[in-house]
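# Close look at the chain arrangement
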Amino acid sequence: MEKLKSVWSAIIHNKRFCLAWLVFGCAYVTFFGFLYVEDPFTQGLRSVNVLGILLEPTMRATASVIGKTYFWGFKGWGLFQTISLALNTLYMYRRYGFTGKSARFGKICLIIAACCITACVIIPSTEEFGLQLVAHWSGALLFGVFNAIAIGLCLLRLSKQSRKFLTTFIVFLAMLGAMIALLAVFGKSGAIESIPMWGAYLILLAANYTGLYRESLPGRS
């Protein structure tokens with residue numbers, strides 16, 4: 001058991017493994033968001049055929065709408081996001097020595113986020129307002145909220161030590177605010193839905209795999 005635990009620990013601490021999941025997770029959710037579906041919500045929109053796959057360039061359809069056609073693809077959308085974001089958030093915690101009660105709370109948030117997205121992909125969306133629709137959208141919304149908290153807690157701690165991280169934290173909050181504002185003005189949209197995901201992936205990429213913050217936080221590798 002100890003040997004198995006040691007092997008597993010070595011895998012999830014591996015920089016290349018975590019980076020591979022970051023790239024794969026971002027690529028998967030982006031490609032999934034471009035898929036075109038025949039649905040009243042997307043009917044009449046422009047589509048393009050790429051190697052036999054119909055794509056919708058404006059990404060208007062949300063993942064939930066696309067998931068009605070691509071059932072297992074939607075399950076992957078939830079699963080791969082969860083794995084890639086959790087792995088890389090924890091990698092950021094380790095890289096920058098983020099520990100203590102805040103870090104433990106951040107890890108709890110990642111677990112809750114995984115439960116929320118599981119509920120979202122298991123409970124299908126519906127056109128009629130009711131308990132099913134509320135449960136579905138609550139799962140999706142809370143997944144984003146708890147992941148944002150897990151990432152934001154680390155950025156907030158590091159912002160006290162680094163101006164670059166302070167700027168990143170402010171941009172992170174602005175990005176979340178922009179998504180809410182755009183949703184209020186334009187309504188639900190796949191492109192708007194993707195903004196916080198792309199932002200989170202970009203921040204994790206910069207923090208974990210570049211030297212962008214090395215000068216402001218010396219001693220970190």
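## Here's the deal with the overall build of the protein chain
Looking only at helices and strands, the protein chain has 8 helices and 2 strands in total. When its helices and strands are written in sequence order, the protein chain yields α-α-β-β-α-α-α-α-α-α. The globule rule puts the C-alpha radius of gyration for 221 residues at 17 Å, and the 18 Å found for the protein chain is close to it. If one aligns the C-alpha atoms of the protein chain with their principal axes, the spans along those axes are about 55 × 45 × 40 Å. Taking all 221 residues of the protein chain together, 42% fall into the buried category.

## Overview of the packing of aromatic side chains
One pass over the structure, following the stated rule, counts 13 aromatic pairs. Arranged with centres 5.0 Å apart and planes meeting at 65°, the rings of F24 and F80 form a pair that is edge-to-face. You can see F24 sitting in helix α2 (residues 15-34) and its partner F80 sitting in helix α4 (residues 71-95), a full 56 residues away along the chain. Classification of F24 as partly exposed rests on a relative accessible area of 38%.

## Things to note about the packing of helix α7 (residues 163-186) against helix α8 (residues 190-209)
At a minimum axis distance of 9 Å, the contact between α7 and α8 shows a crossing angle of 170°. By the angle between their axes, α7 is roughly antiparallel relative to α8. The segment α7 lies against α8, with F165, T168, F172, M175, L176, M179, L182, L183 and F186 engaging I192, I195, P196, G199, A200, I203 and A207. Looking at side-chain class alone, the contact of α7 with α8 contains 14 nonpolar, 2 polar and no charged residues.

What counts and what doesn't
Residues numbered from 1 in each chain as written. Predicted model: local features only at pLDDT ≥ 70, side-chain atom pairs only at ≥ 80, totals over all residues. Heavy atoms only, no water. Helix = DSSP H or I, 4+ residues; strand = E, 2+ residues; numbered from the N terminus. Rg over C-alpha atoms; globule rule 2.2 N^0.38 Å. Buried < 20%, exposed > 50% of the residue type's maximum accessible area, 1.4 Å probe, protein only. Phe/Tyr/Trp six-rings, centres within 6.5 Å; stacked < 30°, edge-to-face > 60°. Axes fitted to C-alpha atoms, helices over the stretch in contact; angles between N-to-C directions. Parallel < 35°, antiparallel > 145°, perpendicular 65-115°, else oblique. Contact = heavy atoms within 4.5 Å. Nonpolar A, V, L, I, M, F, W, Y, C, P; charged D, E, K, R; others polar.

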